[in-house]
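Here are the chains, one letter per residue:
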Amino acid sequence: MSKKFIYWTCQVIGWLLYTGFSIGMIAIFGGQEAINTSVLILQFIIFLYLLLYSHLFRLFILKQQWISLKVIQLIPRILAGSLSMALIAQASIHATIYLIIPLDGLTPFNWISFSGYVFSVLLVFILWSAVYFSIKLFRKNQQSELEKLALKSALQEAELMVLKNQINPHFLFNALNNIRSLILTDQDRARKMVTHISDLLRYSIQFNASEKVTLEQEIEIVQDYLQLESVQFNDRLTYVINIAEDTRHLKTPPMAIQLLVENAIKHGLSVQKNGGFIRVDSSRESDVLIIKVTNTGQLGIKKNKREGIGLTNLVERMKILFGPFAEFDLRNSSDETVTASLKIPIQ
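Within every chain, residues take consecutive numbers counted from 1 along the sequence as written. A pLDDT threshold of at least 70 governs which residues receive local features in this predicted model, and a stricter bar of 80 or more applies before side-chain atom pairs are shown or counted, although totals over entire chains, interfaces and linings include all residues. To obtain the side-chain values, all non-hydrogen atoms of the structure were included, while hydrogens and water were left out.

This part takes up the overall build of the protein. The helix and strand tally for the protein stands at 9 helices and 7 strands. Of all 347 residues assigned to the protein, the portion counted as buried reaches 39%. In this description, contact between two residues means that some pair of their heavy atoms is separated by no more than 4.5 Å. Counting only contacts in the protein whose residues sit at least 6 apart along the sequence, the fraction spanning at least 24 positions is 74%. Only the protein chains shown count as covering a residue, and every accessible area follows the Shrake-Rupley method with a 1.4 Å probe. Split by element, the accessible area of the protein, about 20,300 Å² in all, is 61% carbon and sulfur. Put simply, DSSP marks the helices as runs of H or I at least four residues long and the strands as runs of E at least two long, and each gets a number from the N terminus on. Per-residue accessibility, obtained with a 1.4 Å probe over protein chains only, is compared with the maximum for each type, and a residue is labelled buried under 20%, exposed over 50%, and partly exposed between these values.

Here it is as structure tokens:
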């Protein structure tokens, strides 16, 4: 349904209601005998002229861009415009019923009656203006809100892409360093690492534009990453992945678990003389997906140092995607282990 159709529908219905009200007032104060053919023709003429001049008034308002004015600037213009329309409308009505289509039973023209009719139509035009500007201002505010939401969405999307692009080079740098460390000493292992990193890069390219991926897709890439890292750690890294079947299809931010595993290795296992283990678990509690990455190590008093740009970006991504309902937690889960937890609303 077009705005033009809605406008004309409201115009016709509004002025028909006014005409019906006028006829009703004549019947109440003059009795049913006061309603005759001349009166009905007169009311129809009034209806046509008010419909016409209110529309012309609207065109003038749009041309002068009154809708962009402040209220203090708008009020005097509405009053002056309504008075002008009332004068023109009454002049047209009187010219029609006295000169063009003379009606039976009309009292002789006099300026006092004319002034009274002008005043009554002035009030009607002021009311029409109030309704019209209220609707226009409401639509303007509504459009402004929609534009703000669209801008906010665009900014969030841009921010999300920036955060992703900060994470991926960080991972790539570590992976390439791993390959470089083996390429001259163990070519077989280096080839395996190249295969794993190609899978990781393919995943990164494929899902970089995605806001969310399934947990099963994310876990596949985590396994590639852990296999790649286990080569570098020379069997000092062991890992277990325990994914609940009812969570495999649930959505998670791409590269999120991989990032937690990467941080667990970098800040936990890499500082352990004998290496350690990593355990990845997933579970579902009501409408929340819970992911836990547990590793050998301790936060101690340097807990905040582990929360570098990668984890900070992950938290920001989760806020953008899931709002305040997503949670991230990092704590010592025992005397020898640290656990990073993600709680993601199921959507």
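Here the narrative resumes, following the displayed structure.
Working rule for helices: expected span equals 1.5 Å times residues minus one. For helix α1 (residues 3-30), which comprises 28 residues, the first-to-last C-alpha distance of 40 Å matches the rise-based estimate of 40 Å (1.5 Å per residue) to within 8%. Buried within α1 are the following residues: Y7, Q11, W15, T19 and S22. In the stretch just after α1, G31 is the one whose phi turns positive, near 85 degrees.

This part covers the confidence of the model for the protein. Per-residue confidence for the protein gives a mean pLDDT of 82; residues scoring 70 or more make up 87%. Values of pLDDT, ranging from 0 to 100, describe the predictor's confidence in every residue of the model. Averaged over each element, pLDDT in the protein is lowest for helix α8 (residues 303-306) (44) and highest for strand β5 (residues 288-296) (93). The low-confidence segment residues 301-307, where pLDDT is below 50, has 13 contacts with residues more than four positions distant or belonging to other chains.

By nonpolar core is meant a set of buried Ala, Val, Leu, Ile, Met, Phe, Trp, Tyr and Cys residues that side-chain atoms within 4.5 Å join together. Membership of the largest hydrophobic core comes to 44 residues, with the highest contact counts inside it found for I257, V261, I265, I278, V280, V293 and L342. Those residues within four positions of L342 in sequence are excluded, and the remaining contacts are A256, L260, L289, I290, I291, L314, M318, E327 and F328. Counting residues in each nonpolar core, the second largest holds 29 residues, with Y53, I78, V118 and W128 among its members.

A grouping of L52, L56, L59 and L62 is seen on the molecular surface, where their side chains present a nonpolar patch of about 310 Å² in accessible area. Along the chain, L56 turns up in helix α2 (residues 37-64). The exposure class assigned to L56 is partly exposed, which follows from its relative accessible area of 38%. Two joining distances apply to patches: 9 Å for like charges and 5 Å for nonpolar side chains (Val, Leu, Ile, Met, Phe, Trp, Tyr), and every residue must have over 30% relative accessible area and no salt bridge. The salt bridge definition used is simple: a Lys or Arg side-chain nitrogen within 4 Å of an Asp or Glu carboxyl oxygen.

What follows covers the packing of α1 against α2. Working convention: axes come from line fits to C-alpha atoms, limited for helices to the stretch in contact. Angles between N-to-C directions cover 0 to 180 degrees. Where α1 meets α2, the axes come as close as 10 Å, and the angle between the chain directions of the two elements is 145 degrees. Pair α1 / α2 crosses with right-handed handedness. Residue-level contacts link Y7, W8, Q11, V12, W15, L16, Y18, T19, S22, I23 and I26 of α1 to V39, L40, Q43, F47, L50, L51, S54, H55 and R58 of α2. Left-handed describes a crossing whose near helix is turned anticlockwise from the far helix by less than a right angle; the clockwise case is right-handed.

Before going further, it helps to examine unusual backbone geometry. One non-glycine residue, Q65, lies in the positive phi region at around 55 degrees. With respect to the secondary-structure elements, Q65 resides in the loop between α2 and α3 (71-100).

Next up on the list: the pattern of salt bridges. Here the structure, examined in full by the defined rule, presents 4 salt bridges. Here D188 and R191 are joined by a salt bridge, their closest N and O atoms 2.2 Å apart. Note that D188 and R191 are positioned in helix α5 (residues 187-207) at a spacing of 3 residues, about one turn of the helix. D188 gets classed as partly exposed once you look at its relative accessible area, which sits at 47%. With relative accessibility at 48%, the residue R191 sits in the partly exposed group.

Counting buried residues along β5, 7 of its 9 residues qualify, which places the element largely inside the surrounding structure. What makes two strands pair is DSSP finding at least two bridges between them. Taken together, the 8 bridges between strand β4 (residues 276-285) and β5 define a ladder with antiparallel strand orientation. Counterpart to E285 in the pairing with β5 is V288. Hairpin connection between β4 and β5: a loop of 2 residues separates the two successive antiparallel strands, and S286 in this loop has a positive phi of roughly 60 degrees.

Right, let's get into the packing of α2 against α3. Contact pair α2 / α3: the axes reach a minimum separation of 10 Å and the direction vectors enclose 145 degrees. Crossing of α2 over α3 shows right-handed handedness. Each of L42, I45, I46, Y49, L50, Y53 and F57 in α2 lies in contact with α3, whose residues at this interface are I78, G81, S82, M85, I88, A89, S92, I93, T96 and I97. Ten residue types, Ala, Val, Leu, Ile, Met, Phe, Trp, Tyr, Cys and Pro, are classed as nonpolar, four, Asp, Glu, Lys and Arg, as charged, and the remainder, Gly among them, as polar. When the residues that make up the contact of α2 with α3 are grouped by side-chain class, the tally is 13 nonpolar, 4 polar and no charged.

This part is about the packing of aromatic side chains. Within a pair of aromatic rings, the relevant descriptors are the distance that separates the centres and the angle that separates the planes. Here a Phe, Tyr or Trp ring, Trp counted by its six-membered ring, pairs with any other such ring whose centre lies within 6.5 Å, and the pair is stacked when the planes are under 30 degrees apart, edge-to-face when over 60, and tilted otherwise. Evaluation of the coordinates by the stated rule reveals 14 aromatic pairs. Measuring from ring centre to ring centre gives 6.0 Å for F57 and W66, while their planes differ by 85 degrees; the resulting arrangement is edge-to-face. Accessibility expressed as a relative area gives 1% for F57, which makes it buried. The class for W66 is buried, based on a relative accessible area of 7%. Measuring from ring centre to ring centre gives 5.6 Å for W111 and F114, while their planes differ by 85 degrees; the resulting arrangement is edge-to-face. Here F114 and W111 lie together in helix α4 (residues 111-182), a separation of 3 residues that amounts to about one turn. Cluster of aromatic residues (ring-pair linked, three or more members): F57, F60, W66, W128, Y132 and F133.

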